[in-house]
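Breakdown of the fold
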Amino acid sequence: GGNRMIELLSRTILMGTPLLYGSLSEVYAERSGVMNTAIEGIFLIGAWAGFVAAYQTGGNLLVGMFAAMVAGVITAALYGWICVYLKQHQIVTGVAINLLALGFCAFFQRVIFGVPVTPLIVEPLQPIAIPFLSDIPLLGPILFEQNILTYLLYVLVPLGSFMLYRTSLGLSIRSIGENPEAGDVAGIRVDRLRFLTILFAGVMCGIGGAFYSIGYLGMFTTTIIGGRGWIAFAICFLGNWKPYGVLAGTLVFGLAEAVAIFMQSSGASLFPNELFIALPYILTIVLTVARRSFNVPAELGVPYRKEG
């Protein structure tokens, strides 16, 4: 009854957390005109680097998170350099980096750990109940018994929205996604700003990936992300390139994933298990097709080439 509902909604926010790190950062990148299609690979690299660093330091999750951010930034910098400065195709480059990340993680996981007899594990992030707030009926256990990465988003989403719509930096980001020529004339260094939004996405997606390995499961496999980077990518579209839009989209997906986990664990099978695992992916397709209007940044995916 009620307890199960609370548990499901709490799990919704938990499962939505990494997706929101990904989709929120995708909003800024795409608003500046660059699609971060390396998102799946950056998630994976973040998950791997976070796990390795945490495992090697005896379970230090802070070191793990830091390593994930660094690995995310390095991967994003490679992507940004190729797409923003070398003007290469964003989708092709992203796919290449995603494949590279997969090979890299599989290879170095084996180099570092060999083939372990028992699975390697670290103690994942624990929920922290916020005093007073966690005592609020219904909302308390759902919103205020989460882990630190989730709490961070409670600040990042409003902050991100404020930054995008109320600051000169936000205006610059939005303008170079709509009309980079005009931005250039106004003195905005288009390529540099685009590159910086990609680096920011690298940090956020590194954290998002590490959430799966050391924030939630406490282990690493090469299939740990399993397309969730792409789901975060899709949520950016569905949320119409707005921070609060992606927040809503994330909750829908978090719920789908929470329901899937709930159904798998309850064993009450009216439908095959695979259907529930596929639920978030089916939802992506349905919601994308159902959208009537997209407010796409005009120059999304187009490298900026100065005239003359």
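Just above, that's the structure.
Because the structure is a prediction, the values reported are computed rather than measured.

Thresholds applied
- Residues numbered from 1 in each chain as written.
- Predicted model: local features only at pLDDT ≥ 70, side-chain atom pairs only at ≥ 80, totals over all residues.
- Heavy atoms only, no water.
- Axes fitted to C-alpha atoms, helices over the stretch in contact; angles between N-to-C directions.
- Helix = DSSP H or I, 4+ residues; strand = E, 2+ residues; numbered from the N terminus.
- Left-handed = near helix turned anticlockwise from the far one by under 90°.
- Contact = heavy atoms within 4.5 Å.
- Nonpolar A, V, L, I, M, F, W, Y, C, P; charged D, E, K, R; others polar.
- Buried < 20%, exposed > 50% of the residue type's maximum accessible area, 1.4 Å probe, protein only.
- Core = buried A, V, L, I, M, F, W, Y, C linked by side-chain atoms within 4.5 Å.
- Polar contact = N/O pair within 3.5 Å; in protein donor to acceptor, adjacent residues only side chain to side chain.
- Disulfide = S-S within 2.5 Å.
- Expected span 1.5 Å × (residues − 1).
- Bend = angle between axes of the 7 residues up to and from the residue.

Moving on to the packing of helix α2 (residues 39–56) against helix α3 (residues 61–85). Interhelical geometry of α2 versus α3 gives an angle of 145 degrees and a closest axis separation of 7 Å. With respect to the hand of their crossing, α2 and α3 are arranged in right-handed fashion. For the pair formed by α2 and α3, the contact residues are I42, I45, G46, A49, G50, A53 and A54 on the first element and L61, V63, G64, A67, A68, A71, G72, T75 and A76 on the second. Across the contact of α2 with α3, the residue classes tally to eleven nonpolar, five polar and no charged.

So, on to unusual backbone geometry. Peptide bonds are trans in most cases, and residues, glycine excluded, mostly fall at negative phi. Positive phi values are uncommon outside glycine, yet K87 reaches one of about 60 degrees. Positioned with a positive phi, L138 is a non-glycine residue whose angle comes to about 60 degrees. You can see L138 is positioned in the loop between β1 (128–129) and α5 (139–143). Residue L138 is classed as exposed on the basis of its relative accessible area of 59%.

This paragraph deals with the nonpolar core. Generally speaking, soluble globular proteins have nonpolar side chains that are buried together. Ranked by internal contacts, the top residues of the largest apolar core, which has 70 residues, are I214 and F220. Broken down by element, this core gets its largest block of residues, eleven residues, from α2.

Looking at where T75 falls in the secondary structure, it is placed in helix α3. At a separation of 2.7 Å, a polar atom in the side chain of T75 contacts the main-chain carbonyl oxygen of A71. For T75, the residues in contact, after removing those within four places along its chain, are I42, I45 and I97.

Turning next to the state of the cysteines. One pass over the structure, following the stated rule, counts zero disulfides. Unpaired in terms of disulfides, C83 finds its nearest cysteine sulfur in C205, a separation of 14 Å. Judged by relative accessible area, which is 2%, C83 ranks as buried. C205 carries a free sulfur, and the closest cysteine sulfur to it, the one in C236, is 11 Å from it.

Take the environment of G2 next. Its place among the elements puts G2 in helix α1 (residues 2–31). By relative accessible area, G2 is classed as partly exposed at 49%. Separated by 136 residues in the primary sequence, G2 and L138 place their C-alpha atoms 9.0 Å from one another.

Let's shift gears to helix α6 (residues 148–166). The end-to-end C-alpha separation of α6 is 27 Å, in line with the 27 Å expected for 19 residues at 1.5 Å each. Along α6, the largest kink reaches about 25 degrees and is centred on V155; proline P158 follows within four residues of it. Turning to α6, its buried residues number three or more, namely L149, T150, Y151, L153, V157, G160, S161, M163 and L164. The N-cap residue of α6 is N147: its side-chain oxygen and the backbone nitrogen of L149 are 2.9 Å apart.

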